[in-house]
Amino acid sequence: MGSFVDVAIVGAGPYGLSVAAHLSAAGVDFRIFGKPMQLWREHMPHGMRLKSDGASSDIVDADDALTLKNYCAANGIEHHDHMVPVRLDTFVSYGMAFQKRFVPMVEEKFVTAMERAANGFILRLDDNELVIARRVVLAVGVAAFKFTPDFLTGLPEEFVTHASRYGSFDALHGKNVTVMGGGASAIDCAGLLGDKGENVSVMTRRPSIEFHAPPGYRSLKNRLRAPNTGIGSGWRLRIFHDQPLAFHALPAGVRHKQAAALLGPSTGWFMKDSIVGKVPLLTGLTPRSAHVSHGKLRIEATDRFNAITTIVTDHLVSATGYKIDLRKLGFVPDTLRAQIKQQNHTPVLSTHFETSVPGLYVVGPASLHSFGPLVRFVHGARYSTRRLTPHLVRSLVRGRTPVPVPQTDSATS
Ligand SMILES: Cc1cc2nc3c(=O)[nH]c(=O)nc-3n(C[C@H](O)[C@H](O)[C@H](O)COP(=O)(O)OP(=O)(O)OC[C@H]3O[C@@H](n4cnc5c(N)ncnc54)[C@H](O)[C@@H]3O)c2cc1C
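Just so you know, these numbers come straight off a predicted model, no measurement behind them. (Residues numbered from 1 in each chain as written. Predicted model: local features only at pLDDT ≥ 70, side-chain atom pairs only at ≥ 80, totals over all residues. Heavy atoms only, no water.)

**Some words on the overall build of the protein**
For the protein, the count of helices and strands is 13 helices and 18 strands. Along the first, second and third principal axes, the C-alpha atoms of the protein reach 65 × 55 × 45 Å. Buried positions account for 52% of the 413 residues belonging to the protein. Long-range contacts, defined here as pairs at least 24 residues apart, represent 67% of the contacts in the protein between residues at least 6 apart. (Helix = DSSP H or I, 4+ residues; strand = E, 2+ residues; numbered from the N terminus. Buried < 20%, exposed > 50% of the residue type's maximum accessible area, 1.4 Å probe, protein only. Contact = heavy atoms within 4.5 Å.)

What follows is the structure, encoded as structure tokens:
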């Protein structure tokens, strides 16, 4: 038999920590599992700066006591709502300080399996403990969803890695590296490698690399044409940023199209100096196949005239992003996944982030196709947390009946 808890939060990134801080303030009995700020500490390149502004990068407690701005002020760290890019190490130390202050109870354990039980769920942890929770909030971020194109499948790691692998770039030192992708992750990797004096180029399908406009004065006409939001500028973003439920109300097909189309690849304005004129840009190339020959990776790509080009490199970093796909969450067995209503393998969520399995919630980037572009970013943690937690508290009070002890744990073995 396992231990009982009202709520289990799976994940201790900005979303999991925000939900935990709110549940703690509400006096809810909960446990939270995961490695605090793991994505930011382990899977983002050292030296990176955040694409999101200082004003849009808060982890959220119930009283807004420890915003990024407050943390920087208290620690003598330069901060500006829009003009000063947030350094990765600042954001990590902020996240860890938030965790210590509001979520000291986080358990650095991983959920390895999960199954439904009467009135709740049974979670198996990596130390084999069984936890029986009435509600589960999945805040697992994007790491499990990394996407690599099919044509790279099966190639050895010596030649191909996903960008999420790097923290430090030491393993690539001295190699000729090609970074594939046109978004922020590709440009961050290439720019930071170039800054270190490594031999790096960028290959992208796009005809050019797009950088965000640097912050600064925008005329009234400009702002009326494309108003600012915490996640970019434009009217559609304004609406979906201010009213995620407007996005939620759209037909599923439209939401999925919009989720893919809004906020296409573009990168921080501050990376321009590291890239333009410094890193060779192989633009307008669509990769078709790749193989290893004579100790090098050979990538065949077609240009816009359909002519074939071969790129020969020591190593390809696939900065090809993430695709939400519930099949990739290894700890959610087929039996449970089959009960979750999905569209294109993404969860269909209620207006309170609940899946079709009562008591199972999803927040963070995996809620993108229900709540829109806001929740792809840290900035969405405030909205998500403040929509979810009062609902959770109410539902726990309403359904306060003893949780029956499950008779078997067969699904978790
Ligand atoms: C390269 C890159 C750069 C980005 N830059 C920005 C940016 O500048 N600004 C911005 O707003 N957003 C940025 N993002 C998006 C960012 O991923 C999200 O905004 C944010 O991290 C989502 O927070 P989260 O808490 O949902 O997930 P994460 O931060 O990914 O945290 C996931 C948590 O889940 C835990 N976990 C996973 N599996 C399990 C398990 N089985 N059991 C227990 N715990 C588990 C992990 O240990 C971790 O604690 C970037 C993403 C990438 C990949």
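**With respect to the sheet that holds strand β7 (residues 176-180)**
One open sheet accounts for five strands, arranged β6-β15-β7-β8-β11; its pairing is parallel. The two strands at the open ends of the sheet, each matched to only one other strand, are β6 (160-162) and β11 (281-282). Of the pairings in the sheet, the one linking β7 to strand β8 (residues 199-203) comprises five bridges and is parallel in character. Bridge pairing in β8 links threonine 178 to serine 201. Contacting β7 and β8, helix α5 (residues 184-195) crosses the sheet at an angle of about 160 degrees to β7. (Pairing = 2+ DSSP bridges. Axes fitted to C-alpha atoms, helices over the stretch in contact; angles between N-to-C directions.)

**Describing the sheet that holds strand β13 (residues 296-302)**
Strand order in the open sheet made by the three strands is β12-β13-β14, with antiparallel pairing throughout. One side of each edge strand has no neighbouring strand; the edge strands of this open sheet are β12 (286-293) and β14 (308-313). Taken pair by pair, the neighbouring strands of this sheet meet at an average axis angle of 20 degrees, ignoring direction. The sheet contact formed by β12 and β13 spans seven bridges and is antiparallel.

**Regarding the side chain of glutamine 99**
Within the secondary structure layout, glutamine 99 lies in helix α4 (residues 88-102). Once you skip the residues sitting within four places of it in the chain, glutamine 99 turns out to touch Leu17, Pro36, Pro104 and Val106.

**Topic: unusual backbone geometry**
You will see that methionine 37, though not glycine, has its phi angle at about 55 degrees, which is positive. Looking at the element boundaries, methionine 37 is found in the loop between β2 (30-33) and α2 (38-42). On the basis of relative accessibility, which here comes to 0%, the residue methionine 37 falls in the buried class. Even without being glycine, asparagine 306 reaches a positive phi, approximately 70 degrees. Here asparagine 306 shows up in the loop between β13 and β14.

**Re the site of the ligand**
Around the ligand lies a shell of 31 residues, among which Lys35, Gln38, Lys51, Ser52 and Val378 are the nearest. Interatomic distance of 3.2 Å between a backbone N/O atom of proline 14 and an oxygen atom of the ligand. The contact in question runs from an oxygen atom of the ligand to an N or O atom on the backbone of lysine 35, over 2.7 Å. In the complex, the protein chains occlude 90% of the 980 Å² of accessible area that the ligand would expose alone. (Near = heavy atom within 4 Å. Polar contact = N/O pair within 3.5 Å; in protein donor to acceptor, adjacent residues only side chain to side chain. Areas by Shrake-Rupley, 256 points an atom, 1.4 Å probe, with all protein chains shown as cover.)

**A closer look at the nonpolar core**
Of all hydrophobic cores here, the largest spans 95 residues; its most connected members are Trp40, Val136 and Val179. The biggest single contributor to this core is α4, with seven residues. The next biggest cluster of nonpolar side chains, apart from the first, holds 14 residues, and it includes Leu152, Leu155, Met180 and Ile299. (Core = buried A, V, L, I, M, F, W, Y, C linked by side-chain atoms within 4.5 Å.)

**Side note on the packing of helix α1 (residues 14-25) against helix α13 (residues 380-398)**
In helix packing, the relevant descriptors are the interaxial angle and the interaxial distance, both defined with respect to the helix axes. Where α1 meets α13, the axes come as close as 9 Å, and the angle between the chain directions of the two elements is 40 degrees. Looking at the two axes, α1 sits oblique to α13. Both α1 and α13 take part in a crossing whose hand is right-handed. Packed against α1, whose contacting residues are Pro14, Tyr15, Ser18, Val19, His22 and Leu23, the element α13 presents Gly380, Ala381, Ser384, Thr385, Arg386, Leu388, Thr389 and Leu392 at the interface. In the contact of α1 with α13, the residues fall into seven nonpolar, six polar and one charged. (Parallel < 35°, antiparallel > 145°, perpendicular 65-115°, else oblique. Left-handed = near helix turned anticlockwise from the far one by under 90°. Nonpolar A, V, L, I, M, F, W, Y, C, P; charged D, E, K, R; others polar.)

**Some thoughts on the pairing of β8**
Among the five residues of β8, four are classified as buried, and the element is accordingly described as predominantly covered. Taken together, β7, α5 and β8 constitute a β-α-β crossover, and its handedness is right-handed. Where β8 lies against β11, two bridges are found, and the strand directions are parallel. Note on β11: the bridge partner recorded for methionine 203 is leucine 282. (Right-handed = clockwise from strand over helix to strand, strands pointing away.)

**Side note on the packing of aromatic side chains**
Tallied over the entire structure, the rule returns ten aromatic pairs. Judged by centre distance (4.9 Å) and plane angle (40 degrees), the ring pair of phenylalanine 98 and phenylalanine 102 falls under tilted. With phenylalanine 98 and phenylalanine 102 both in helix α4, this residue pair falls four residues apart, about one helical turn. Judged by relative accessible area, phenylalanine 98 falls into the buried class, the value being 0%. Consider the rings of phenylalanine 353 and phenylalanine 371, whose centres lie 3.9 Å apart with planes at 10 degrees: the pair is stacked. Within this pair, whereas phenylalanine 353 is found in the loop between β17 (346-347) and β18 (360-362), its partner phenylalanine 371 is found in helix α12 (residues 368-371), the two being separated by 18 residues in sequence. Note on accessibility: phenylalanine 353 and phenylalanine 371 belong to one class, buried. Clustering of aromatic rings is evident, with ring pairs tying together Trp40, Tyr71, Phe91 and Tyr94. (Phe/Tyr/Trp six-rings, centres within 6.5 Å; stacked < 30°, edge-to-face > 60°.)

**Topic: the environment of serine 219**
Mapping serine 219 onto the fold places it in the loop between β8 and α6 (220-225). Looking at serine 219, the relative accessible area reads 25%, which means it is partly exposed. For serine 219 and arginine 376, which are 157 residues apart along the polypeptide, the C-alpha to C-alpha distance reads 28 Å.

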